[in-house]
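Given next are the chains, with one letter for each unit.
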Amino acid sequence: MFGNHNRSGVICTPVQIGDILVEIDGQSFSELGLCAENITADNMDCAPDVLCFSVDVAAEDGECLKSDARIICEAYAGGRKLSTQKRMLTAKDFSGREKLEIDFKKWGICDAADRITVYCEHI
C-alpha cells in the first residue's frame, strides 16, 4: 500500500480526494504495526468553515497496537499550514481498528485547503 517517497525519503501514499491531496506517512504507521484505510475528506456536508477528514487506522496483524500512539493530521494551503489536529490511540483500548474523524475548523478552510498530511508518533 505504501510506495512513494517524499523529499525526506519517508514512504508516503498520496491519495487525491476532490481538490485535496492526502499524504499518509506509511513508514510512521508501519513502525507501530498500523495501516491507514478508507480515507475521506469532505467539505460539502460539514459547516462552511469545517473540513471533515476521516481515516480508518487498522493493525497490520489485525489485533494489537505495539504502543500508545498519536496520530497527527495537518491541513495545508499551498505550503502554508492551516491547522493541526491530533488524536491519541492507546494500546490497551485499541481493538484492531479505529475510525478517526477529524474536523479542521478554521475560517475559509474549505476554500483554501489543498493538502492533508497524516503521520504517527510513538508516545
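The shown structure was predicted, so the numbers you read here are calculated from the model rather than taken from an experiment.

Thresholds applied
- Residues numbered from 1 in each chain as written.
- Predicted model: local features only at pLDDT ≥ 70, side-chain atom pairs only at ≥ 80, totals over all residues.
- Heavy atoms only, no water.
- Buried < 20%, exposed > 50% of the residue type's maximum accessible area, 1.4 Å probe, protein only.
- Helix = DSSP H or I, 4+ residues; strand = E, 2+ residues; numbered from the N terminus.
- Pairing = 2+ DSSP bridges.
- Axes fitted to C-alpha atoms, helices over the stretch in contact; angles between N-to-C directions.
- Salt bridge = Lys/Arg side-chain N within 4 Å of Asp/Glu carboxyl O.

Undergrad: Any chance you could break down the pairing of strand β5 (residues 50–59) for me, citing the residues and the numbers?
TA: Summarising burial for β5: 10 of the 10 residues are buried, a large majority. Judged by which residues are buried, β5 turns out to be covered on both faces: V50, C52, S54, D56 and A58 on one side and L51, F53, V55, V57 and A59 on the other are all buried. The sheet contact formed by β5 and strand β8 (residues 97–105) spans 9 bridges and is antiparallel. Looking at the pairing, L51 lines up with F104 of β8.

Undergrad: Can you explain the sheet that holds β8? Please cite residues and give values.
TA: Across the sheet, 3 strands lie side by side as β4-β5-β8; this open sheet has antiparallel pairing. Of all strands in the sheet, those with a lone pairing partner are β4 (34–42) and β8, marking the two edges. Going across the sheet, the axis of each strand differs from the next one's by a mean of 20 degrees, ignoring polarity. As paired elements, β4 and β5 share 7 bridges and run antiparallel to each other. From the neighbouring strand, T40 faces β5, where its bridge partner is S54.

Undergrad: Can you tell me about the pattern of salt bridges, naming the residues and giving the values?
TA: Taken as a whole and judged by the stated rule, the model has 6 salt bridges. In this structure, R115 and E23 form a salt bridge, with 3.4 Å as the shortest nitrogen-oxygen distance. With R115 in strand β9 (residues 115–122) and E23 in strand β3 (residues 20–25), this residue pair connects regions lying 92 residues apart in the sequence. Look at R115 and you get partly exposed, because its relative accessible area is 21%. Across the pair R97 and D56 runs a salt bridge whose closest N-O atoms are separated by 3.6 Å. On the criterion of sequence distance, the pair formed by R97 in strand β8 and D56 in strand β5 is long-range, its members being 41 residues apart. The class for R97 is partly exposed, based on a relative accessible area of 42%. On the basis of relative accessibility, which here comes to 9%, the residue D56 falls in the buried class.

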